[in-house]
Amino acid sequence: MESCDLYDVHETNGSPSWDDHDHQCLEEPDNVECLRRKIKFFFMNPCEKYHARGRKPWKLLLQIIKIAIITIQLVSFGLSNQMVVSFKEENLMTFKHLFLKDYVDGGIDMNAVYRQADVYDHIDYVLEQYGHLHNITVGNHEYEKNGTFYNPLTVCQEFYRNGTIYPGNETFELDAQVKTDCFNVHPMHHPSLREALPNFELHFKRMLTVRITFVLKAINLQTVRHRELPDCYDFTVAITFDNRAHSGRIMVDLESDVEINECRDWKVTGASARNIYLTVLFDCFIIVTCISSFALCTRSVVNGIQLQFEYTLYSRNQVPWSDKLAFLNGWYILIIVSDTLTIIGSILKMEIQTKVLTSYDVCSIFLGTGTMFVWIGVIRYMGYFRKYNILILTLRAAFPNVVRFICCAGIIYLSYCFCGWVVLGPYHEKFRTLNTASECLFSLINGDDMYPTFKNMKQKRSLVWVFSRVYLYSFVSLFIYMVLSLFITIITDTYDTIKQQQQSGTPTSELQKFMSGCKDLPNSGMYRLDKNKGLLNCCMSRYVECSPHNLVWQLQLLKMSYISTHTGTQCQSI
């Protein structure tokens, strides 16, 4: 009974909280030194970690291998994508010369018609050219077939359902609902619009657009030179006569959408085709490498967060955010993002090579961005050298001030954008839209295209012309002579501060002051994981001794031992 009472006393007196136990444990001199060594080891570079514990720099080696193979993958994909893009662009130019009447390269004014007869002539020209495509084209273009019959082209007219417009009387009556009439035409049998559709009429007063659509097939043979199998292309060509402005000028434009398919039957002689499975296997190897890098970097991020919790517990939660964020390595997060993008891009690339997908643009965005982040991540290892580290430290220290400065300067920039768009837009081509106005002002900040911006301002209204001069001169003076100068000053001051701190060598944060208490060098042997001086064993053993769970477990053993001893004595007496 005494043992039970004694155990009850231990229970009722209460035990210290978890934080108190952990903090008391960490306050012991040996444990504080262990924590210093752990934090110092965490911030070591790969060479120092190798000397400290003999641990191989697997992440560094993996990043070097990953940079090489990802760059090879990107170059290979870029060359293949370049052939696809050039083939599409050249076919688009070919279609414009074949189907647009009197088309001239770069002649924007020539892609418009102003008379009703010209509209009919252009439509008839498209039908005639389409019907005689086999006799006029120098390429391997072919009509789309449905079985043994050629598919017709489609002529669609969009116009307001009803309306009477009398500009002379300044009166009109209009039904805003849009009606679309579509007709199929076989130009091989009817080479003109009047023959194909005798009752077809264009309602110019109410007409919005006239669209002619057809599909042509082609084969990209230039890939044979690069030991790749040619792909079959389906070009959906759309010729649009745009009259939505109703200004007396109908714009004519040609666009084409491309669908890439694997050719059904092919035979190539005189050249050995590249084995597609080897390329897919190489992409699989890149995916495995990126997954390994993702796992290692994620483990390092988790270890940093755990170590940050230990340091926060030691400091009784009095740790500034700058010291807390120091444990969260942004380079690892950048590598994790790049690995994710590369994995997605590699999967899309494999599907493109097997002709499951044709989204070259999406794949190029993932692969290009992932490769960019991988190369930027190399700067992390350059930062371990003292002479190269100052760039990274300057960018990191100046980043908060730069963001605040850009927010203030951005407000002024947006005010100029809106003002220029509204006031100068009707009189200046570069301010016609909000996007072009922003691009023009950004070019002025960099000193580009400055004289044409002043010169191209139309002098129809003297008031607007004078306002444009005040507007442009004030913007150039404000941003070039003041904003950019202040921006450079912020970077320069931060650079000088970082340089002075490196020269003095004094710790600038509480975390650095705490780590400076550890004087053990990496090759001192104090960081090795052995039984006597092991860093991990030391800290883990101290933690186990000071853990509240260990104290309760010891009390349980004491109680069981006391009860078993007294029970055995009573049995002997009986």
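Residues numbered from 1 in each chain as written. Predicted model: local features only at pLDDT ≥ 70, side-chain atom pairs only at ≥ 80, totals over all residues. Heavy atoms only, no water.

**Re the packing of aromatic side chains**
Here comes step 1: Counted by the stated rule, this structure contains 22 aromatic pairs.
Here comes step 2: A ring pair is formed by phenylalanine 87 and phenylalanine 235, whose centres lie 6.1 Å apart and whose planes are at 45°; its orientation type is tilted. Placement of phenylalanine 87 in helix α5 (residues 58-99) and of phenylalanine 235 in strand β10 (residues 231-242) is noted, with a sequence separation of 148 residues between them. When sorted by exposure, phenylalanine 87 lands in the same class as phenylalanine 235, which is buried.
Here comes step 3: Ring geometry for tyrosine 130 and phenylalanine 214: centres 4.9 Å apart, planes at 55°, overall tilted. Placement of the pair is tyrosine 130 in helix α6 (residues 116-131) and phenylalanine 214 in strand β9 (residues 207-219), with a sequence separation of 84 residues.
Here comes step 4: Tyrosine 130 sits in the buried class, given a relative accessible area of 1%.
Here comes step 5: Residue classification places phenylalanine 214 among the buried residues on the basis of a relative accessible area of 2%.
Here comes step 6: Members of the aromatic cluster, connected to one another through ring pairs, are Phe87, Phe95, Phe99, Tyr130, Tyr143, Tyr150, Phe214, Tyr233 and Phe235. (Phe/Tyr/Trp six-rings, centres within 6.5 Å; stacked < 30°, edge-to-face > 60°. Helix = DSSP H or I, 4+ residues; strand = E, 2+ residues; numbered from the N terminus. Buried < 20%, exposed > 50% of the residue type's maximum accessible area, 1.4 Å probe, protein only.)

**Let's talk about the side chain of serine 293**
Here comes step 1: As for its placement among the helices and strands, serine 293 is situated in helix α9 (residues 276-314).
Here comes step 2: Within the structure, the side chain of serine 293 is placed 2.9 Å from the side chain of aspartate 339, a separation counted as a polar contact.
Here comes step 3: Discounting residues that sit within four places of it in the chain, serine 293 has contacts with Leu62, Gln63, Lys66, Ile335 and Asp339. (Polar contact = N/O pair within 3.5 Å; in protein donor to acceptor, adjacent residues only side chain to side chain. Contact = heavy atoms within 4.5 Å.)

**Considering the packing of α5 against helix α12 (residues 360-382)**
Here comes step 1: Viewed as axis vectors pointing N to C, α5 and α12 meet at an angle of 150°, and their least axial separation amounts to 10 Å. Classified by the angle between their axes, α5 and α12 sit roughly antiparallel to one another. The hand of the α5/α12 crossing is left-handed.
Here comes step 2: Across the contact of α5 with α12, the residue classes tally to 13 nonpolar, eight polar and two charged. (Axes fitted to C-alpha atoms, helices over the stretch in contact; angles between N-to-C directions. Parallel < 35°, antiparallel > 145°, perpendicular 65-115°, else oblique. Left-handed = near helix turned anticlockwise from the far one by under 90°. Nonpolar A, V, L, I, M, F, W, Y, C, P; charged D, E, K, R; others polar.)

**Remarks on the environment of methionine 83**
Here comes step 1: Here methionine 83 shows up in helix α5.
Here comes step 2: Methionine 83 gets classed as buried once you look at its relative accessible area, which sits at 8%.

**Examining the packing of α5 against helix α11 (residues 330-353)**
Here comes step 1: Look at α5 against α11: their axes get within 12 Å of each other, and the N-to-C directions meet at 35°. In this structure, α5 crosses over α11, and the sense of that crossing is left-handed. Touching Lys59, Gln63, Lys66, Ile70, Gln73 and Phe77 of α5 are Tyr332, Ile335, Ser338, Asp339, Thr342, Ser346, Lys349 and Ile352, all from α11.
Here comes step 2: In terms of residue class, the contact of α5 with α11 is made up of five nonpolar, five polar and four charged.

**Observations concerning α11**
Here comes step 1: Taking 1.5 Å per residue as the helical rise, α11 with its 24 residues ought to reach 34 Å, and the 34 Å between its terminal C-alpha atoms agrees with that figure.
Here comes step 2: Directly after α11, the chain includes lysine 355, whose backbone phi takes a positive value near 65°. (Expected span 1.5 Å × (residues − 1).)

**Considerations on α6**
Here comes step 1: With 16 residues, α6 extends 23 Å from end C-alpha to end C-alpha; this agrees with the ideal 22 Å at 1.5 Å per step.
Here comes step 2: By the burial criterion, the buried members of α6 are Asp118, Val119, Tyr120, His122, Ile123, Val126, Leu127, Gln129, Tyr130 and Gly131.

**Some words on the pairing of strand β6 (residues 163-166)**
Here comes step 1: Relative to strand β7 (residues 171-174), β6 runs antiparallel, the two sharing four bridges. In the sheet register, tyrosine 166 faces β7, and the bridge partner there is threonine 171.
Here comes step 2: What sits between the antiparallel neighbours β6 and β7 is a turn of four residues, in which glutamate 170 has the positive phi angle 60°. (Pairing = 2+ DSSP bridges.)

**Re the state of the cysteines**
Here comes step 1: Inspection of every chain in the model, using the stated rule, returns one disulfide.
Here comes step 2: The disulfide partner of cysteine 156 is cysteine 182, and the S-S distance across this bridge is 2.1 Å. Between cysteine 156 and cysteine 182 the sulfur-sulfur dihedral comes to about 115°; the bridge is accordingly right-handed. Here cysteine 156 is found in strand β5 (residues 153-160), whereas its partner cysteine 182 is found in strand β8 (residues 178-185), with 26 residues between them in sequence. (Disulfide = S-S within 2.5 Å.)

**Focus: the environment of leucine 229**
Here comes step 1: Residue position: leucine 229 is located in the loop between β9 and β10.
Here comes step 2: C-alpha separation for the pair leucine 229 and cysteine 263, spaced 34 residues apart in sequence, amounts to 9.0 Å.

**A few points about the nonpolar core**
Here comes step 1: Phe99, Leu202, Ile212, Phe214 and Ile239 are the most contacted members of the largest nonpolar core, which has 45 residues in total.
Here comes step 2: Of all the secondary structure elements, the ones that give two or more residues to this core are α5, α6, β5, β9, β10, β11 (250-262), α11 and α12.
Here comes step 3: In this structure, phenylalanine 214 is in contact with Phe99, Val126, Tyr130, Leu153, Phe235, Thr236, Val237 and Ile239, ignoring residues within four places of it in sequence.
Here comes step 4: Counting residues in each nonpolar core, the second largest holds 24 residues, with Ala409, Leu444, Val464 and Tyr471 among its members. (Core = buried A, V, L, I, M, F, W, Y, C linked by side-chain atoms within 4.5 Å.)

**Notes on the pattern of salt bridges**
Here comes step 1: In the structure shown here, the tally under the stated rule is eight salt bridges.
Here comes step 2: A salt bridge links lysine 38 to glutamate 310; the nearest nitrogen and oxygen atoms lie 2.9 Å apart. Here the residue lysine 38 occupies a position in helix α3 (residues 29-42), and glutamate 310 occupies one in helix α9, the gap between them amounting to 272 residues.
Here comes step 3: Classification of glutamate 310 by relative accessible area gives partly exposed; the value is 30%.
Here comes step 4: With its nearest N and O atoms 2.2 Å apart, the salt bridge here joins lysine 430 to aspartate 449. Taken together, the residues lysine 430 in the loop between α13 (386-424) and α14 (434-445) and aspartate 449 in the loop between α14 and α15 (450-455) connect sequence positions 19 residues apart.
Here comes step 5: According to the relative accessible area criterion, aspartate 449 is partly exposed, its value standing at 39%. (Salt bridge = Lys/Arg side-chain N within 4 Å of Asp/Glu carboxyl O.)

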